[in-house]
Amino acid sequence: MGSTVLCVDDDRSFCQIVSKALGGEGYQVRLAHDGDDALARLREDSVDLVLLDLMLPKRDGFAVLQTLRTSGLSNAQVPVLILTACTSTPAYLERAQGLGASAVLTKPIPLDDLLEAVAKHASGSNGAPRGLSGSLEEIAFPQLLHHLHGLRASGVLQLMGGKKRKALQIRDGYPVSVKSNLVSECLGNLLVRLGRISQSELTESLQRMKRGEGMQGQILVAMQIVSEEEIAAALRAQAEEKLFEAFEWISGQFSFEPGKRIEGGNGIAVERSPADLILRGVRGRLPLQRVDAFLSANADAWPHPGESPFYRFQDLALEPDEEELLRALDGTQPLRDLGPLDEAARRALYGLITLELVELRGAPGLRSAAARPARAAAERPAP
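Each chain carries its own residue numbering, running from 1 in the direction its sequence is written. Selection of residues for local features in this predicted model requires a pLDDT of at least 70, selection of side-chain atom pairs for listing and counting requires 80 or more, and totals for whole chains, interfaces and linings are taken over all residues. Excluding hydrogens and water, the side-chain figures rest on all heavy atoms present in the structure.

Participant: How do you make sense of the sheet that holds strand 4 (residues 80-84) when you look at a structure like this?
Facilitator: Picture the strands of a sheet paired through backbone hydrogen bonds; they go either parallel or antiparallel. Across the sheet, which stays open at both edges, the 5 strands sit in the order 2-1-3-4-5 with parallel pairing between neighbours. Both outer strands of the open sheet, strand 2 (28-32) and strand 5 (103-106), are each paired with one neighbouring strand and no more. Going across the sheet, the axis of each strand differs from the next one's by a mean of 20 degrees, ignoring polarity. Note on pairing: DSSP must find at least two bridges between two strands before they are called paired. Strands here mean DSSP runs of E at least two residues long; helices mean DSSP runs of H or I at least four residues long; both are numbered from the N terminus. In the sheet, strand 3 (residues 49-53) pairs with strand 4 via 4 bridges, with the strands oriented parallel. In the strand pairing of strand 4, Val 50 is matched with Val 80. Note on contacts: a residue pair is in contact if any heavy atoms of the two residues lie within 4.5 Å. Helix axes are fitted to C-alpha atoms over the stretch in contact, other axes to C-alpha atoms as well, and angles between N-to-C directions run from 0 to 180 degrees. The strands touched by helix 2 (residues 35-44) within the sheet are strand 1 (4-8), strand 2 and strand 3, with strand 2 carrying the most contacts at an inclination of about 140 degrees. Most of the contacts of helix 3 (residues 61-69) go to strand 4, to which it runs at about 165 degrees, and overall it touches strand 3 and strand 4.

Participant: What is the right way to look at the pairing of strand 3 in this model?
Facilitator: Every regular strand shows the same layout, with side chains that alternate between the two sheet faces. Among the 5 residues that make up strand 3, 5 are buried, leaving the element largely enclosed by the rest of the structure. Think of it in three bands: with a 1.4 Å probe and only protein chains considered, a residue is buried below 20% of the maximum accessible area for its type, exposed above 50%, and partly exposed in between. Burial of strand 3 is two-sided: the residues Leu 49, Leu 51 and Asp 53 facing one way and the residues Val 50 and Leu 52 facing the other way are all buried. Of the pairings in the sheet, the one linking strand 1 to strand 3 comprises 4 bridges and is parallel in character. Within the sheet, the bridge partner assigned to Leu 6 lies in strand 3 and is Val 50.

Participant: Can you walk me through the sheet that holds strand 9 (residues 174-180) in this structure?
Facilitator: Taken in spatial order, the 6 strands line up as 6-10-7-8-9-11 in an open sheet, and their pairing is antiparallel. Where the open sheet ends on each side, the last strands, each with one partner, are strand 6 (132-135) and strand 11 (266-267). Here strand 7 (residues 155-161) pairs with strand 10 (residues 253-258) via 6 bridges, running antiparallel. From the neighbouring strand, Leu 157 faces strand 10, where its bridge partner is Phe 256.

Participant: Which parts of the structure should I look at to understand the nonpolar core?
Facilitator: Nonpolar side chains in soluble globular proteins tend to be buried together. What we call a nonpolar core is a set of buried Ala, Val, Leu, Ile, Met, Phe, Trp, Tyr and Cys residues that are connected through their side-chain atoms within 4.5 Å. Ranked by size, the top nonpolar core spans 68 residues in total, and within it Leu 22, Leu 51, Val 118, Phe 141, Leu 145, Leu 157 and Leu 168 carry the most contacts. In terms of residue count, the dominant contributor to this core is helix 1 (residues 12-24) (6 residues). Those residues in contact with Leu 51 that lie beyond four places of it in its chain are Val 5, Leu 6, Cys 7, Val 8, Val 18, Leu 22, Leu 81, Leu 83, Leu 114 and Val 118. In terms of nonpolar packing, the next biggest core, distinct from the first, is built from 22 residues, Ala 38, Leu 39, Leu 68 and Leu 99 among them.

Take a look at the structure:
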């Protein structure tokens, strides 16, 4: 059995991603989402390493660590890796060192760096990495893409739902190509839906493909039905359709295989940031019932501006109404008091929370004074 790691973070989807990544390395992973819960877990279970976020509800990370070190528990001197979304100031580093933290890691942290830090301070990995896997019910596709971006992951994300299969090539957190087994997403069917070719022309091109005359796009150009430029534009549209259709999946399984590559996928326009792709998918394709279920489950949470410089400066094209909504989410009222929101606003709110441009917290006053300097530091741009 591998070492046991306690991951403490109020971002539940981040905890799930980390749990699956470490589980794939052979670690046993426990989760806690606030400071008091973390201390309760440490009283109950023996662990070999703690990943401790600083910005926690009820009791911030420094307060948790200070209580732990003077508790007399069997876990009192366990190695602790502090996670912070803020720029690490000399005061932070000095306080962390004084409390015996093994290291301070700035989020978002690349997956390889996180695994290396955990391996350095906790033993018990069970052999070669096996990647991470799980269900889309527990981690929705937008959150999955967002955290793979934050972890700077490179590899292949496989999606499986019934007979449907998709493979997404990720490079340094960016989706760069996609492959699908859905007949409706084939190039010829897309051109028929766009009105560029007829059904009979599609049938003839498929017959020629079976005879080995080439790829469908090449055959359609040779038939003088469409131009090479039109095929290039259609291939770009095909790639986007394959990607955005995955936002519609409510159920299914995913697995991420680090370092793997896919062959024959459609290239995705890399000039768009992952944040922009995610928000577009949430706006137009994510099932509304998933949006409403999430907002209902978090109705008592208080939305605040996101504090991580990395997330606040993402390349993202917001609509004017979305910018106005973002400015209104200032931490002065819970979600339930925002009033009736139309569908576009609810989708935008879900997207902004997913991208961590907006953070959900408990009622004001639940975070201790020790957390406030972290928020002040976050107002400064990242170096």
